[in-house]
Amino acid sequence: MRESSLEVVRGDVVVLPCSFFTSSPLSRLNVIWTLAPISSPETPIQLINGFSHFQVIVYDHGQVIEDPSLIGRVGFTGIPWSADIVLNDTRVSDAGVYRCMVSNPPETADPGIGDLALSVLAPPSLPVCQWDGDIDMGGRVTLFCTVAEGVPTPEIRWDKLNPEEISLPVNLEGDLSGSVQIINVSSQTSGLYRCSANNLLGTENCYINLSVYSTPGSSSGILQGVLLTLSMSLLLLALLVLILWLHRTGQDGWWRGGGEEECYNEIRYTPSLMKRSFV
């Protein structure tokens, strides 16, 4: 092997090198490529069918045999003079440790073996945004964000975009999922929220538009309170007007009654009456 590790972006073509030297004729050359797959560059090697490696492609006595799942995507580049292979339309599942084993009878030496780690990089897939909880005033809401794949593992981020952009603390639930909890929601909780899944190959976003409403019960209670206060105010105002009117009416009646009594008790003297009294 000329290299111990390689990286390729998903969908691209990669050549896996394997060089050898032999002094014997190549008519009995045997080359075997195997793979110990891994789900991502950071995870340990997985077993498949109880074995750590499975055959990718074989060259034996002039015949090429490909793994059925890789037909059309894998091939030798210059057999029998070179044991290099090419892998087309790479996928994330192609990542793993590839092993090249070369033997050429009648040489009795142990087969030449070389290992090469292949990492297949992929941008984040489009995340899925969901929410759950109670969006009434004082409730609790949880925002969820899940991304299916991405190599390296995407970083998940939540932001509230309006009225101003605010970064929110994320609770990671595994490598590809993150959530945000919002307690005691209020009208200020309403707005547009964005989940971003980001790695070195790109960023994908999904959005949730959250609207918080007051409950019908609390609205009707407030309305009833306002109406009751207004009714009591009107009643007090009417009572005050009535008291003022009665008070004014009583004063007018008193003044008129007092004037008539003075008129009845007054003795008026005229010159004619005075003359008759002295005759």
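Residues numbered from 1 in each chain as written. Predicted model: local features only at pLDDT ≥ 70, side-chain atom pairs only at ≥ 80, totals over all residues. Heavy atoms only, no water.

**Comments concerning the environment of leucine 26**
Note on placement: leucine 26 falls in the loop between strand S2 (14–16) and strand S3 (30–37). Residue leucine 26 is classed as partly exposed on the basis of its relative accessible area of 25%. As for leucine 26 and proline 80, which are separated by 54 residues in sequence, their C-alpha atoms are 6.8 Å apart. Sequence-distant contacts of leucine 26, that is, excluding residues within four places in its chain, are made with Phe20, Pro80, Trp81 and Asn104. (Helix = DSSP H or I, 4+ residues; strand = E, 2+ residues; numbered from the N terminus. Buried < 20%, exposed > 50% of the residue type's maximum accessible area, 1.4 Å probe, protein only. Contact = heavy atoms within 4.5 Å.)

**So, the sheet that holds strand S15 (residues 177–182)**
In sheet architecture, strand pairing relies on hydrogen bonds along the backbone and comes in two forms, parallel and antiparallel. Sheet architecture is open: 4 strands sit in the order S10-S11-S15-S14, paired in antiparallel fashion. For this open sheet the edge positions go to strand S10 (128–133) and strand S14 (171–172), each flanked by a neighbour on one side alone. When S10 meets strand S11 (residues 141–146), the two strands line up antiparallel, connected through 6 bridges. Residue pairing across strands places glutamine 130 opposite phenylalanine 144, the latter belonging to S11. (Pairing = 2+ DSSP bridges.)

**Digging into the packing of aromatic side chains**
Under the definition given, this model contains 1 aromatic pair. Where tyrosine 59 meets phenylalanine 76, the ring centres are 6.2 Å apart and the plane angle is 75°; that geometry is what we call edge-to-face. Residue tyrosine 59 is found in strand S4 (residues 54–60), and its partner phenylalanine 76 is found in strand S6 (residues 74–76); the two are separated by 17 residues along the sequence. Phenylalanine 76 carries the same exposure label as tyrosine 59, and that label is buried. (Phe/Tyr/Trp six-rings, centres within 6.5 Å; stacked < 30°, edge-to-face > 60°.)

**Overview of the sheet that holds strand S12 (residues 155–160)**
If you trace the 4 strands from one edge of the open sheet to the other, you get S13-S12-S16-S17, paired in antiparallel fashion. Each of the sheet's edge strands pairs with one partner strand only, and the pair in question is strand S13 (166–168) and strand S17 (202–210). For this sheet, the mean inter-axis angle between neighbouring strands, taken without regard to orientation, is 30°. Of the strand pairs in this sheet, S12 and S13 are connected by 3 bridges, and their pairing is antiparallel. (Axes fitted to C-alpha atoms, helices over the stretch in contact; angles between N-to-C directions.)

**Observations concerning the nonpolar core**
Counting 26 residues, the largest nonpolar core has Leu16, Val31, Trp33, Val56, Tyr98 and Leu118 as its most contacted members. Where this core is concerned, the elements lending two or more residues are strand S1 (5–9), S2, S3, S4, S6, strand S7 (85–87), strand S8 (96–103) and strand S9 (112–121). Judged by nonpolar contacts, the second largest core, of 18 residues, contains Cys145, Ile156, Leu168 and Val185. (Core = buried A, V, L, I, M, F, W, Y, C linked by side-chain atoms within 4.5 Å.)

**Let's talk about the state of the cysteines**
Within the structure shown, the criterion is met by 3 disulfides. Across the disulfide from cysteine 18 sits cysteine 100; the S-S distance is 2.0 Å. Judged by the torsion about the S-S bond (-75°), the cysteine 18/cysteine 100 disulfide is left-handed. Taken as a pair, cysteine 18 in the loop between S2 and S3 and cysteine 100 in strand S8 lie far apart in primary sequence, 82 residues in all. The buried category is assigned to cysteine 18, whose relative accessible area is 4%. Residue pairing for cysteine 145: its cysteine sulfur links by disulfide to cysteine 195, the two sulfurs lying 1.9 Å apart. Residues cysteine 145 and cysteine 195 are joined by a disulfide whose S-S torsion is about -75°; by sign, that bridge is left-handed. Separated by 50 residues along the polypeptide, cysteine 145 in strand S11 and cysteine 195 in strand S16 (residues 191–199) bring together distant segments of the chain. (Disulfide = S-S within 2.5 Å.)

**With respect to the pairing of S3**
With 8 of 8 residues buried, S3 is to be regarded as a mostly interior element. Residues Asn30, Ile32, Thr34 and Ala36 point to one face of S3 and Val31, Trp33, Leu35 and Pro37 to the other, with burial holding for every one of them. Where S3 meets S4, 6 bridges bridge the pair, whose relative direction is antiparallel. In the sheet register, isoleucine 32 faces S4, and the bridge partner there is valine 58.

**What to know about the pattern of salt bridges**
When the charged atoms of two side chains with opposite charge come close together, those side chains can pair. For the coordinates displayed, the defined rule picks out 6 salt bridges. Residue arginine 10 pairs with glutamate 149 through a salt bridge whose shortest N-O separation is 2.2 Å. Taken together, the residues span a long stretch of sequence, with arginine 10 in the loop between S1 and S2 and glutamate 149 in the loop between S11 and S12 at a distance of 139 residues. The partner of aspartate 159 in a salt bridge is arginine 157, and the shortest N-O contact between them spans 2.8 Å. Here arginine 157 falls in the partly exposed class, since its relative accessible area comes to 40%. Connected through salt bridges with shared partners, the residues Arg157, Asp159, Glu165 and Arg194 form a single ionic network. (Salt bridge = Lys/Arg side-chain N within 4 Å of Asp/Glu carboxyl O.)

**Comments concerning the side chain of aspartate 67**
The residue aspartate 67 is located in the loop between strand S5 (63–66) and S6 in this model. Beyond its immediate chain neighbours, meaning those up to four positions away, aspartate 67 contacts Phe54, Gln55 and Val56.

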